[in-house]
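# Structure at a glance
So you can see what is in the structure, the chains are spelled out below.
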Amino acid sequence: MAQLSQLFEYLFVNPGSALVLDSGTTGIFQQDGVSPLAVFRAPLSSGQILLLFAEVVPREQSTQLLEGVPVSFQHESPFGLVDVHMTLSGDDLRVTARAARKGAPALVPISGGPNAAPRRGDQSLEQTQVRRPVPAPPSGLRGLIAEMSARRATHLHVSPVGNALLRVDGRLVPVASGGLSAAQLHAELTSLAPAALREELARHVRFDFTHVTDDAVFHLASQQSRAGLSLVVRRLDKEVPAPGSLGLPGELVQAMSGAGLWVLAGPPGHGVTTSLASVTQSAAHTRAVSVRTLEAPIQYVLSAGPGPLEQLEVGAHVGSFREGLRDALRDDVDVVMVSELDDADVLAEALVLAERGRLVVGTLHARSAASAAEKLVHLTAGDAGARWRLGQSLRGIFAQVLCPNTMSGRSLAWELLPGVAPVRSAVVDGRASAFPSLRTRTLEQGLAELVTGGLVERDDALAVAPDRAQLEASLGHLPPVPRAA
């Protein structure tokens with residue numbers, strides 16, 4: 001139902017649009033003057049479409065539909081009434097949905113639930129239903145932000161040149177409603193920004209701030225360029241996802257205990273920040289430990305478990321990552337989460353903490369676990385003591401990539417370089433060439449499993465594979481698994 005709600009929201013964000021789902025197609029959003037927009041990445045069967053609408057079709061009309069009778073009904077979505085028409089001819093199903101016509105009174109049943117249809121014998125609609133106006137959809141920047149949620153986009157790009165763009169399933173796609181002029185964007189940002197930042201906006205200074213809605217947190221970063229004011233918005237769900245829902249292996253969370261250094265790696269935009277928040281909160285909830293995070297900025301708001309949990313933002317609550325790590329050494333902290341380990345000085349302080357009995361979990365931007373290990377060795381170059389501490393403290397490097405799913409969203413592939421004796425020895429000696437062969441699982445193996453399972457297209461997997469030739473070789477030996485209807 002959550003996915004269907006997002007599709008309905010799009011209809012209100014883009015007035016005049018229609019959702020059309022036909023068996024054997026990906027489905028489209030239609031809108032006058034705009035090219036049709038595909039809804040799903042892979043064609044849907046009639047059964048999949050029926051499952052998508054199962055919770056909103058009135059029971060009596062569901063029976064009629066299966067008997068071959070076309071049905072029409074109204075569904076009360078969180079954004080307003082939606083007119084739905086469904087036709088089943090043999091095995092072919094067609095569904096059309098539109099936002100109820102603007103200005104027309106919305107009919108809401110008094111009894112029988114929001115999806116109930118009038119029963120035979122009812123005297124009149126006027127006697128059984130009440131009128132309620134449909135709220136106008138948001139427009140401007142708020143409308144673009146609402147569209148981000150409707151399409152599960154991770155980022156929104158707004159600039160004075162061209163249409164606004166959304167990053168959906170890792171790809172940039174234009175927004176059907178166009179974009180905003182520099183003057184519109186300036187006015188919208190002024191209304192959304194905290195009062196303390198409005199003066200900076202007036203002086204054309206780059207700044208970041210957070211906008212919170214009922215379902216998500218949006219980080220907005222504005223920037224002046226040659227073309228004028230531009231904006232990048234990042235969307236995060238309010239609730240921190242559980243590790244299992246992200247596709248993270250259960251043994252990863254179980255292994256993050258005791259003391260030492262764990263590194264989560266991946267390319268930018270591949271969900272490493274979300275995974276870091278997920279495993280940190282899981283550690284806080286499953287053990288009575290004191291947890292502290294050091295972030296720039298704070299992304300997800302974590303909830304405490306049996307022990308205390310503090311989230312510190314660099315620049316607001318602590319001067320720097322180094323200062324925060326040194327404070328954690330003096331305080332009674334068991335687990336320290338560091339959002340960035342890409343600096344040699346920060347890594348050195350993290351290793352001191354790990355060496356003295358703390359568990360440190362942090363991230364690196366790297367395409368694989370082996371390249372992350374090589375980067376860690378490079379950050380300790382010239383400091384034999386730091387490299388020795390790295391070798392002794394490293395518990396493991398977990399790397400991940402996200403690949404567009406054949407239905408919607410993205411699927412996670414992962415690999416692991418464990419902190420076993422051969423790995424520690426290679427770190428101390430600086431033998432980067434040894435890391436690839438010491439992985440207990442590779443990203444290419446994970447991607448191959450997704451492809452043969454029908455979850456990911458071959459070309460999409462090859463596009464994100466660190467070793468394309470290795471993945472091609474793996475796919476050449478693995479027969480494809482038939483997709484479920």
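Calculation criteria
Residues numbered from 1 in each chain as written. Predicted model: local features only at pLDDT ≥ 70, side-chain atom pairs only at ≥ 80, totals over all residues. Heavy atoms only, no water. Helix = DSSP H or I, 4+ residues; strand = E, 2+ residues; numbered from the N terminus. Buried < 20%, exposed > 50% of the residue type's maximum accessible area, 1.4 Å probe, protein only. Contact = heavy atoms within 4.5 Å. Areas by Shrake-Rupley, 256 points an atom, 1.4 Å probe, with all protein chains shown as cover. Core = buried A, V, L, I, M, F, W, Y, C linked by side-chain atoms within 4.5 Å. pLDDT = per-residue confidence, 0-100. Arc of directions from axis to C-beta. Pairing = 2+ DSSP bridges. Axes fitted to C-alpha atoms, helices over the stretch in contact; angles between N-to-C directions. Phe/Tyr/Trp six-rings, centres within 6.5 Å; stacked < 30°, edge-to-face > 60°.

All right, on to the overall build of the protein chain then. Within the protein chain, the secondary structure is distributed over 18 helices and 21 strands. Counting all 485 residues of the protein chain, 47% fall into the buried class. Pairs at least 24 residues apart make up 56% of the contacts formed inside the protein chain by residues separated by at least 6 positions. Of the roughly 22,300 Å² of accessible surface on the protein chain, 52% is carried by carbon and sulfur atoms.

Now for the nonpolar core. In summary, soluble globular proteins display a tendency toward joint burial of nonpolar side chains. Formed by 39 residues in total, the largest nonpolar core has its most connected members in Leu261 and Ile397. Residue assignment for this core shows that the elements contributing at least two residues are strand E15 (260-266), helix H11 (321-330), strand E18 (335-338), helix H12 (344-355), strand E19 (359-365), helix H13 (369-379), strand E20 (394-404) and helix H15 (421-429). Considering every element that reaches this core, the biggest residue donor is H13, with seven residues. The next biggest cluster of nonpolar side chains, apart from the first, holds 28 residues, and it includes Leu11, Phe40, Leu65 and Met86.

Once that is clear, we can look at the confidence of the model for the protein chain. In this model, the protein chain carries an average pLDDT of 83, and 88% of its residues clear a pLDDT of 70 or more. Contacts of residues 481-485 to residues separated by more than four positions or lying in other chains number eight contacts, the stretch itself having pLDDT below 50.

Okay, unusual backbone geometry next. In this structure, the amide linkage connecting alanine 296 to the following residue, proline 297, adopts the cis form with an omega of -5°. Looking at the element boundaries, proline 297 is found in the loop between strand E16 (291-295) and strand E17 (309-313). Of note, arginine 152 is a non-glycine position whose phi angle comes to about 55°, a positive value. Structurally, arginine 152 can be placed in the loop between helix H5 (140-150) and strand E9 (155-158). In this structure arginine 152 comes out as partly exposed when scored by relative accessible area, which is 36%.

Two residues of an α-helix separated by three or four positions point the same way, owing to the 3.6 residues in each turn. Buried within helix H2 (residues 46-53) we find Ser46, Ile49, Leu52 and Phe53. All buried residues of H2 fall inside an arc of 120° around its axis, so they share one side.

Turning next to the pairing of strand E11 (residues 171-174). Bridging between strand E10 (residues 165-168) and E11 involves four bridges; their strand directions are antiparallel. Looking at E11, one finds that leucine 166 is bridged to valine 173. Hairpin connection, E10 to E11: the antiparallel pair is bridged by two residues, and aspartate 169 has positive phi, about 50°.

Bringing the sheet that holds strand E12 (residues 207-212) into the picture now. Ordered by their spatial adjacency, six strands build an open sheet running E11-E10-E9-E14-E13-E12, and the pairing between neighbours is antiparallel. The open sheet has two edge strands, E11 and E12, and neither has a second partner. For this sheet, the mean inter-axis angle between neighbouring strands, taken without regard to orientation, is 20°. Summarising the sheet, E12 and strand E13 (residues 216-225) pair through six bridges and their orientation is antiparallel. Opposite threonine 210, over in E13, you have histidine 219 as the bridge partner. Taken strand by strand, helix H6 (residues 182-192) contacts E9, E12, E13 and strand E14 (228-237), and its axis lies near 45° from that of E14.

The tally for this structure, following the rule as stated, stands at four aromatic pairs. With centroids separated by 6.3 Å and ring planes inclined at 65°, the aromatic side chains of phenylalanine 8 and phenylalanine 53 adopt a geometry described as edge-to-face. You can see phenylalanine 8 sitting in helix H1 (residues 2-13) and its partner phenylalanine 53 sitting in helix H2, a full 45 residues away along the chain. An identical accessibility class is assigned to phenylalanine 8 and phenylalanine 53; each is buried. Taking the centre distance of 5.7 Å and the plane angle of 20° together, the rings of phenylalanine 398 and tryptophan 414 count as stacked. Placement of the pair is phenylalanine 398 in strand E20 and tryptophan 414 in strand E21 (residues 410-418), with a sequence separation of 16 residues.

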